[in-house]
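Commentary on secondary and tertiary structure
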Amino acid sequence: MQIVTTHVNSDFDALASMVAASFLYPGGTRMVPSQVQPAVREFLTVHWDLLQLKPRRAIDPAAVERLIVTDTGSWERLDDLRMLAERTDLETIVWDHHMAPGSIRAGELHREEVGATVTLLLERIQEMDRAFAPMHATLFLLGIYDDTGGLTYPSTTARDARMTAYLLENGADLNVVAAYLDSALDERHLELFNRMLSDSEQFEIEGVHLGLCVQDADKGLNNLARVVSKFQEIKGLDVAFGIFPITANKTVVVGRGNPRLFDVGALVRQLGGGGHPGAGSAVLKAPAAEARARVRALIAQAEPESERVSDLMSPVRLALAPQDSLRKAAGRLRDSHRSVLLVLDDQGGVLGALGEEQLAKVRDDAGWEHPVSALMRRDLDVVTPERTTREALRIMTRADVGVLPVMEDGRVVGEITRAAIMLSLYDL
C-alpha cells in the first residue's frame, strides 16, 4: 500500500499539499489525520468524497510499503505512524517548505524555502503537465493563501505568486477561498459585524437561504464586502445583502453569495451597480428604507437556481442486504469505489447505510463475519425527488453521511450522493 499523508492539526497547506502529492504519485491513498483545524474540517465536511480521502483509523500501518509525507519532515507530527520509523523496507518521500531538519530519514527529500509546501508540488505538476479540476485548483489556492496570508507574509516568494496565477488560470474560485479564510477586520468592522448578526432578516426562496440587514456604517469605512462575506458565512446563508446608509439620501448595497444558486451581480446591476454572479455592489441615491424595499422586491422577482434531487439522483444499482457479512460489504465498497452503500430489505425498503466509518469498528477476523445489520447506520434521512440538491447537501452535512435514499410514494426510486452534488456545484 502507498499512502500520502500530512501532519496532525492540518491547515489548508497541509491538506492541499497532500492532495497535490497524489497527482505526482498515482495510486496513493490520501490519509487525513484525525485532527485538523476547524476551517479545514468544515471544508472536508462537503468535499470528503470528491477528494477521495481516508481517515487514519481506516489505514493499517503494517500494510504500508511507501509513505509520502507533506508539510512536515518529522515522525512526531504524523498521526500515530511512529512505528514505521523502524522499518528498513519502507520507502519514504518528504515534501516540505520548513527548512529545519526533521526526524524522517527520507529516501527522497524535497525541501525548499517557499511560502507554502503546495507551491513546490504545483511547480512539478505544471512541469509534468498533469491535469486537475477547478475544485483541486481552489484547494491548492487555499493552501497558498493560508500559509502566505494571501501573499502578504514576508515568507512569500515569487514562486508562490506564480503558482497563484497558474491556479487562477486553471479555474480556482476566489469566492470559495474567501469563504474559508479570514481577513483582518478592525474594531469598527467587528462592531458593525456584531450588529449585523444581532439584527437581520432571513428568509428562504426555492431552498436558497438569504439574509438582508440594514446597518449604519462610517462613511470612511472600507472593506464592507468582507463584513458581508463573514455575515453570510457565520449565518450559514447562500446569499447575503448588506445595506449601509452613508448619508440621509445615499446608501451602499453590498451582496455576496453562491454564484451557482443566485446571481448577485444581475440584481445589483438593476440598482445601477456592478458585479459578477457571486458578488456585487451599488450606490443608491436613496434613503436606506427605500434601498431595502428595492432590494427586497428584486429578490422576490429573481429566480434562484434550483437544481432538484431528480436531476442528480441515480438508480440504486448496488446495495447491501442486512444479512450480508461485513467482509462481503467491504469488498463491495472497495470494488465500487464507494465510501458508503445503502442497506435494503428484500422488498427494497431502506433499513440504513453502511460505510467505511462503520467498518473501521471491526477489530478482528471474527468480526468480519458478522452481518451488516450489526454495524449499519439506522434511522437514515430520506429525500424526495422534488427537494433541491442544496437541501439534500444540508441534510448530508448535518448527518455526516455521504448518500441519501430518494423516496416517492413510499418506495425507493433512487439515491443521491454527496459526490454527485459537489461535482455539480463545481460544474465538473
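Okay, so let's go over this structure. Computed from a predicted structure; not experimentally measured.

1. Digging into the sheet that holds strand E5 (residues 91-96)
If you trace the six strands from one edge of the open sheet to the other, you get E3-E2-E1-E4-E5-E6, paired in parallel fashion. Each end of this open sheet is capped by a strand with a single partner; those strands are strand E3 (53-55) and strand E6 (108-111). Taking the axes of each pair of neighbouring strands and ignoring which way they run, one obtains an average angle of 25 degrees across the sheet. Relative to E5, strand E4 (residues 66-70) runs parallel, the two sharing five bridges. Paired with leucine 67 across the strands is threonine 92, a residue of E5. This element, helix H2 (residues 38-51), spans strand E2 (29-32) and E3 of the sheet and lies at about 115 degrees to E3.

2. Notes on the side chain of aspartate 324
By the secondary structure assignment, aspartate 324 is in the loop between helix H11 (309-312) and helix H12 (326-336). On the accessibility criterion, aspartate 324 (10% relative accessible area) is buried. A distance of 2.9 Å separates a polar side-chain atom of aspartate 324 from the backbone nitrogen of alanine 321. When residues no more than four places from it in sequence are discounted, the contact partners of aspartate 324 are Arg332, His370, Pro371 and Val372.

3. Some details on the pattern of salt bridges
Inspection of every chain in the model, using the stated rule, returns 19 salt bridges. It is possible to trace a salt-bridge network through shared partners that takes in Glu112, Glu123 and Arg159.

4. Points about unusual backbone geometry
Even without being glycine, asparagine 9 reaches a positive phi, approximately 55 degrees. Within the fold, asparagine 9 resides in the loop between strand E1 (2-6) and helix H1 (12-24). Positive phi values are uncommon outside glycine, yet aspartate 129 reaches one of about 60 degrees. With respect to the helices and strands, the residue aspartate 129 is situated in the loop between helix H3 (117-128) and helix H4 (134-148).

5. Examining the packing of H2 against H4
Relative orientation of the contacting elements H2 and H4 amounts to 135 degrees, with a least axis distance of 12 Å. By the criterion of interaxial angle, the relationship of H2 to H4 is oblique. The way H2 lies across H4 gives a crossing that is left-handed. On H4, the residues that touch Phe43, His47, Leu50 and Leu51 of H2 are Met135, His136, Leu139 and Leu142.

Calculation notes
- Residues numbered from 1 in each chain as written.
- Predicted model: local features only at pLDDT ≥ 70, side-chain atom pairs only at ≥ 80, totals over all residues.
- Heavy atoms only, no water.
- Pairing = 2+ DSSP bridges.
- Helix = DSSP H or I, 4+ residues; strand = E, 2+ residues; numbered from the N terminus.
- Axes fitted to C-alpha atoms, helices over the stretch in contact; angles between N-to-C directions.
- Contact = heavy atoms within 4.5 Å.
- Buried < 20%, exposed > 50% of the residue type's maximum accessible area, 1.4 Å probe, protein only.
- Polar contact = N/O pair within 3.5 Å; in protein donor to acceptor, adjacent residues only side chain to side chain.
- Salt bridge = Lys/Arg side-chain N within 4 Å of Asp/Glu carboxyl O.
- Parallel < 35°, antiparallel > 145°, perpendicular 65-115°, else oblique.
- Left-handed = near helix turned anticlockwise from the far one by under 90°.

Interpretation note: all reported values are geometric properties and have no functional meaning in isolation.
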